[in-house]
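Observations on the three-dimensional arrangement
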Amino acid sequence: TQLLEQSPQFLSIQEGENLTVYCNSSSVFSSLQWYRQEPGEGPVLLVTVVTGGEVKKLKRLTFQFGDARKDSSLHITAAQPGDTGLYLCAGVKTSYDKVIFGPGTSLSVIP
Amino acid sequence: NAGVTQTPKFRILKIGQSMTLQCTQDMNHNYMYWYRQDPGMGLKLIYYSVGAGITDKGEVPNGYNVSRSTTEDFPLRLELAAPSQTSVYFCASSYGRKNTEAFFGQGTRLTVV
């Protein structure tokens, strides 16, 4: 059983389109992180959200932490081929300090 | 900057063989982690360490062992390799816990045949 669920699992879109991917859990997290992983590389941190309801923007990427700190979303505006990769959400529970990763959303942006 | 360095990058093992995956970081981070990544399953935590001399089990520790004799190094030992251990292994480190960023190595692709 996955503690963190991500949807969709796969997404293929045309350059210029908008998209949203989701990270959901029945558990409360003290923080959620989003990483991007390119083929043959390790994940690289994009953002950390800490406060329920928090919204953070990173250029064309908008991250939101749910009010109850159980879910998060990543919205990409005007997707570009360089956005292609595996997007992983990772949660840290308040009861321990291990970081738990979701299964990821594999995004492909076609020129 | 080297960051987190893993060796080897690729390895093929026969069933029953043993090997050590090496991981070293030059950022003076206290926390280090070993994950395995299987297709569609995200990253599963194998073992982690909060400092030299201290290690603890993660979600999937069976079949693995670790040690942390120095701040820099966190090797992962596979004893009696099994096909179920075929995976990509990532080592990571972070300064602290909770909200701090984890830095990952490039991974070791292991195949057990």
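In the block above lies the structure referred to throughout.
**With respect to the pattern of salt bridges**
Residue and element names in this part refer to chain A.
- Inspection of every chain in the model, using the stated rule, returns four salt bridges over all chains.
- A salt bridge links Glu54 to Lys56, with the nearest nitrogen and oxygen atoms 3.8 Å apart.
- Judged by its relative accessible area of 18%, Glu54 falls in the buried class.
- A salt bridge links Arg60 to Asp83; the nearest nitrogen and oxygen atoms lie 2.9 Å apart. In this pair, Arg60 sits in the loop between strand 6 (55–58) and strand 7 (61–65) while Asp83 sits in the loop between strand 8 (71–76) and strand 9 (85–93), placing the two residues 23 residues apart along the sequence.

**Describing the pairing of strand 8 of chain A**
Residues and elements named next belong to chain A.
- With six bridges joining them, strand 3 (residues 19–24) and strand 8 adopt antiparallel strand pairing. Of the residues in strand 8, the one forming a bridge with Thr20 is His75.
- Of the strand pairs in this sheet, strand 7 and strand 8 are connected by five bridges, and their pairing is antiparallel. By the bridge assignment, Phe65 is partnered in strand 8 with Ser72.

**Thoughts on the interface of chain A and chain B**
- Each side of the interface is counted separately: chain A has 24 residues, and chain B has 22 residues.
- Both faces considered, chain A and chain B share a buried interface measuring about 1,900 Å² in area, 50% of it formed by carbon and sulfur atoms.
- Linking chain A to chain B there are three residue pairs in polar contact (both at pLDDT 80 or more).
- Class assignment of the residues belonging to the side of chain A that touches chain B gives a composition of 11 nonpolar, 10 polar and three charged.

**Some words on the packing of aromatic side chains**
- If you walk through the whole model with that rule in mind, you get 10 aromatic pairs over all chains.
- With a centroid separation of 6.4 Å and 50° between ring planes, the pair formed by A:Trp34 and A:Phe63 is classed as tilted. Of this pair, A:Trp34 sits in strand 4 (residues 29–37) while A:Phe63 is found in strand 7, placing the two residues 29 residues apart along the sequence. Like A:Trp34, the residue A:Phe63 is buried in the burial classification.
- For the ring pair A:Phe101 and B:Tyr35, a centre distance of 5.2 Å and an interplane angle of 85° mean the geometry is edge-to-face. One end of the pair, A:Phe101, is in strand 10 (residues 99–101); the other, B:Tyr35, is in strand 4 (residues 31–37), on a second chain.
- Among the aromatic side chains, those forming a connected cluster through ring pairs are A:Tyr35, A:Phe101, B:Tyr31, B:Tyr33, B:Tyr35, B:Phe90 and B:Phe104.
- Over the ring of B:Phe74 we find B:Arg68; its NZ or CZ atom is 5.9 Å from the centre of that ring.

**Focus on the sheet that holds strand 8 of chain A**
Residues and elements named next belong to chain A.
- With respect to topology, five strands assemble into an open sheet ordered 1-3-8-7-6, the strand pairing being antiparallel. Every interior strand has two partners, whereas the edge strands, strand 1 (5–7) and strand 6, have only one. The mean angle between the axes of side-by-side strands here comes to 15°, regardless of whether they run parallel or antiparallel.
- Pairing of strand 6 with strand 7 involves four bridges; the strand directions are antiparallel. Opposite Lys57, over in strand 7, you have Thr62 as the bridge partner.

**Here we look at unusual backbone geometry**
- Cis geometry marks the peptide bond from A:Ser7 to A:Pro8; its omega dihedral reads -10°.
- Note on placement: A:Pro8 falls in the loop between strand 1 and strand 2 (10–14).
- With an omega dihedral of -5°, the bond running from B:Thr7 to B:Pro8 counts as a cis peptide bond.
- Of note, B:Pro8 is situated in the loop between strand 1 (4–7) and strand 2 (10–13).

Parameters at a glance
- Residues numbered from 1 in each chain as written.
- Chains lettered and ligands numbered in written order.
- Predicted model: local features only at pLDDT ≥ 70, side-chain atom pairs only at ≥ 80, totals over all residues.
- Heavy atoms only, no water.
- Salt bridge = Lys/Arg side-chain N within 4 Å of Asp/Glu carboxyl O.
- Buried < 20%, exposed > 50% of the residue type's maximum accessible area, 1.4 Å probe, protein only.
- Helix = DSSP H or I, 4+ residues; strand = E, 2+ residues; numbered from the N terminus.
- Pairing = 2+ DSSP bridges.
- Contact = heavy atoms within 4.5 Å.
- Buried area = accessible area lost by both parts, 1.4 Å probe.
- Polar contact = N/O pair within 3.5 Å; in protein donor to acceptor, adjacent residues only side chain to side chain.
- Nonpolar A, V, L, I, M, F, W, Y, C, P; charged D, E, K, R; others polar.
- Phe/Tyr/Trp six-rings, centres within 6.5 Å; stacked < 30°, edge-to-face > 60°.
- Lys NZ or Arg CZ within 6 Å of the ring centre and 35° of its normal.
- Axes fitted to C-alpha atoms, helices over the stretch in contact; angles between N-to-C directions.

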